[in-house]
Amino acid sequence: MTVKKIAVIGGGTMGSGIALTAAVHGIDAVVVDINEDQLARAKDYHAKQLARSVSKERMTQVGADSAAAKLSYVTAMADAADANWVVEAATENIDIKKSIFVQMYETFGKSVVLATNTSSISITELASVIPDAADRVIGMHFFNPVPVMKLVEVIKGEETSSETTASTLKLSEKMGKIPVPANDRAGFVSNRVLMPMINEAFHAWADGVAEPEDIDSIMKLGCAFPMGPLRLADYIGLDVCKDIMMVMYNGLDENPKYLPSAKLVKLVDQGYLGDKSGRGVYNYDKG
Ligand code: NAI
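Procedures and definitions
Counting starts from 1 at the beginning of each chain's written sequence and moves along it residue by residue. Only residues with pLDDT of at least 70 are given local features in this predicted model, and only at 80 or more are side-chain atom pairs given and counted; all residues enter the totals for whole chains, interfaces and linings. Side-chain numbers come from the whole structure's heavy atoms, not from hydrogens or water. Note that the domain bounds reflect an automated or database-derived domain assignment. By definition, the buried area sums, over both parts, the 1.4 Å-probe accessible area that each loses when the two are put together. Any pair of nitrogen or oxygen atoms within 3.5 Å is treated as a polar contact; in protein, a donor-acceptor pairing is required on top of that, and neighbouring residues in sequence qualify only through side-chain atoms on both sides. Under the scheme applied, nonpolar residues are Ala, Val, Leu, Ile, Met, Phe, Trp, Tyr, Cys and Pro; charged residues are Asp, Glu, Lys and Arg; polar residues are all the others, including Gly. In summary, the pairing rule links any two rings of Phe, Tyr or Trp, Trp by its six-membered ring, whose centres are within 6.5 Å, and it sorts them by plane angle into stacked for under 30 degrees, edge-to-face for over 60 and tilted for everything else. Numbered from the N terminus, helices here are DSSP runs of H or I no shorter than four residues, and strands are runs of E no shorter than two. Relative accessibility under 20% of the residue-type maximum defines a buried residue, over 50% an exposed one, and the middle range a partly exposed one, all with a 1.4 Å probe and only protein chains included. We call a charge positioned above a ring when the Lys NZ or Arg CZ atom is no farther than 6 Å from the ring centre and deviates by at most 35 degrees from the ring normal. Note on pairing: DSSP must find at least two bridges between two strands before they are called paired. Only a single heavy atom is needed: when it lies within 4 Å of a molecule or strand, its residue is near that molecule or strand. Per-residue and other accessible areas were derived by the Shrake-Rupley procedure at a 1.4 Å probe size, with only the shown protein chains allowed to occlude residues.

Enquirer: Pulling in residues and values, what's your account of the domain arrangement of the protein chain?
Expert: Domain boundaries assigned for the protein chain yield domain 1 (5-182) and domain 2 (191-286). Distance between the C-alpha centres of domain 1 and domain 2: 26 Å. Overall, the association of domain 1 and domain 2 removes approximately 660 Å² of surface from exposure, summing both partners, and the carbon and sulfur fraction of that is 54%. For domain 1, the biggest contributors to the area lost against domain 2 are Glu92, Ser120 and Asn144; these three give 55% of the whole. Joining domain 1 to domain 2, the criterion identifies 1 residue pair in polar contact (both at pLDDT 80 or more). Looking at side-chain class alone, the side of domain 1 that touches domain 2 contains 2 nonpolar, 4 polar and 1 charged residues.

Enquirer: Describe in detail the packing of aromatic side chains, supporting the description with residues and values.
Expert: On inspection of all chains with the given rule, the structure shows 1 aromatic pair. Relative to tryptophan 205, the ring of phenylalanine 202 has its centre 6.2 Å away and its plane inclined at 45 degrees; by these criteria the two rings are tilted. With phenylalanine 202 and tryptophan 205 both in helix α7 (residues 190-206), this residue pair falls 3 residues apart, about one helical turn. A relative accessible area of 0% means that phenylalanine 202 is categorised as buried. Its relative accessible area of 15% is what places tryptophan 205 among the buried residues. The cationic tip of lysine 110 hangs over the ring face of tyrosine 105; the distance from NZ or CZ to the ring centre is 4.2 Å. Over the aromatic face of tryptophan 205 sits the side chain of lysine 263, whose NZ or CZ is 4.3 Å from the ring centroid.

Enquirer: So, the pairing of strand β4 (residues 85-88): which residues are in play, and what are the values?
Expert: Neither face of β4 is open: one carries Trp85 and Val87, the other Val86 and Glu88, and all of them are buried. Taken together, the 4 bridges between strand β1 (residues 5-9) and β4 define a ladder with parallel strand orientation. From the neighbouring strand, isoleucine 9 faces β4, where its bridge partner is glutamate 88.

Enquirer: An account of the site of the ligand is needed here, citing residue identities and associated values.
Expert: Taken together, 26 residues lie near the ligand, and Met14, Asp33, Glu92, Lys97 and Ser119 sit nearest. Separating an oxygen atom of the ligand from a side-chain N or O atom of lysine 276 is a distance of 3.5 Å. Look at the ligand: alone it shows 840 Å² of surface, and the protein chains cover 88% of it. Of all the secondary structure elements, the ones that give two or more residues to the shell around the ligand are α1 (13-24), α4 (94-107) and β6 (137-142). Top element by residues in the shell around the ligand is α4. It accounts for 3 residues. Classifying every residue of the shell around the ligand by side-chain character gives 11 nonpolar, 11 polar and 4 charged.

Dropping the structure here:
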């Protein structure tokens, strides 16, 4: 099966990156978001990224124009119904995702793969709301920033067919990525390992072990990380980090080691979500 057009459900940080990556690799991509402002931001992000690629001579103007022409933006899922692949990249909340999966099942053709970019939610549980199509549901977990990061973590649910898996591996490669399999346990591999470390950095800050800049410098210089855990949390989105910890807490026997730190929860409650809100652990308004 040739993937001609991808519908990306959710046009935030990840959805906009997935759509851009598809378009740059010659696949039509329609971004679906209920929030019109978010669609405008996605469009603006695409224009800036393509212009930057041209100015850095990573892409010709003709290539950038061709990618831009492959991108479209809609608020109603029904207006994306001609896509023959779907990647859900909406808010990391199981109830929101379940209702989106029912809508996806009703909207798209009966042979279309319904992939999800969830960071942590069980694929089998998401598929359980559409039992007739559970063989077409799969985890296709891209990393941030999508145009740059090579990995796609591929997660099969209990009912995922081998055809769906094979097509997902093929599409990932067509999008310039390296797919690696992981099993369907909350957080998969990437966040099962990464998020407790980020969460521990918040505990260390709250316990007065060091200030955020020093925690990040120590982890960068001492562990050769490209950015420290608190800076990375801002980049990912503090709300997303909190949501992932809660999914792991609920999905891994309510083990208290997965509870988000009080410091992280407080920042989210205050609306400090990281880069996307201009302030998180660090204040980006002040540079
Ligand atoms: P985000 O908060 O930037 O974007 C989520 C978008 O979903 C928002 O624009 C929102 O309007 C939209 N949305 C909510 N309900 C919707 C609906 N019913 N229909 C259409 N759109 C809807 O979130 P982000 O960071 O892009 O995360 C999206 C998914 O990707 C989550 O599952 C997250 O766990 C996962 N992810 C996030 C990474 C990150 O670094 N931020 C990395 C890898 C995966």
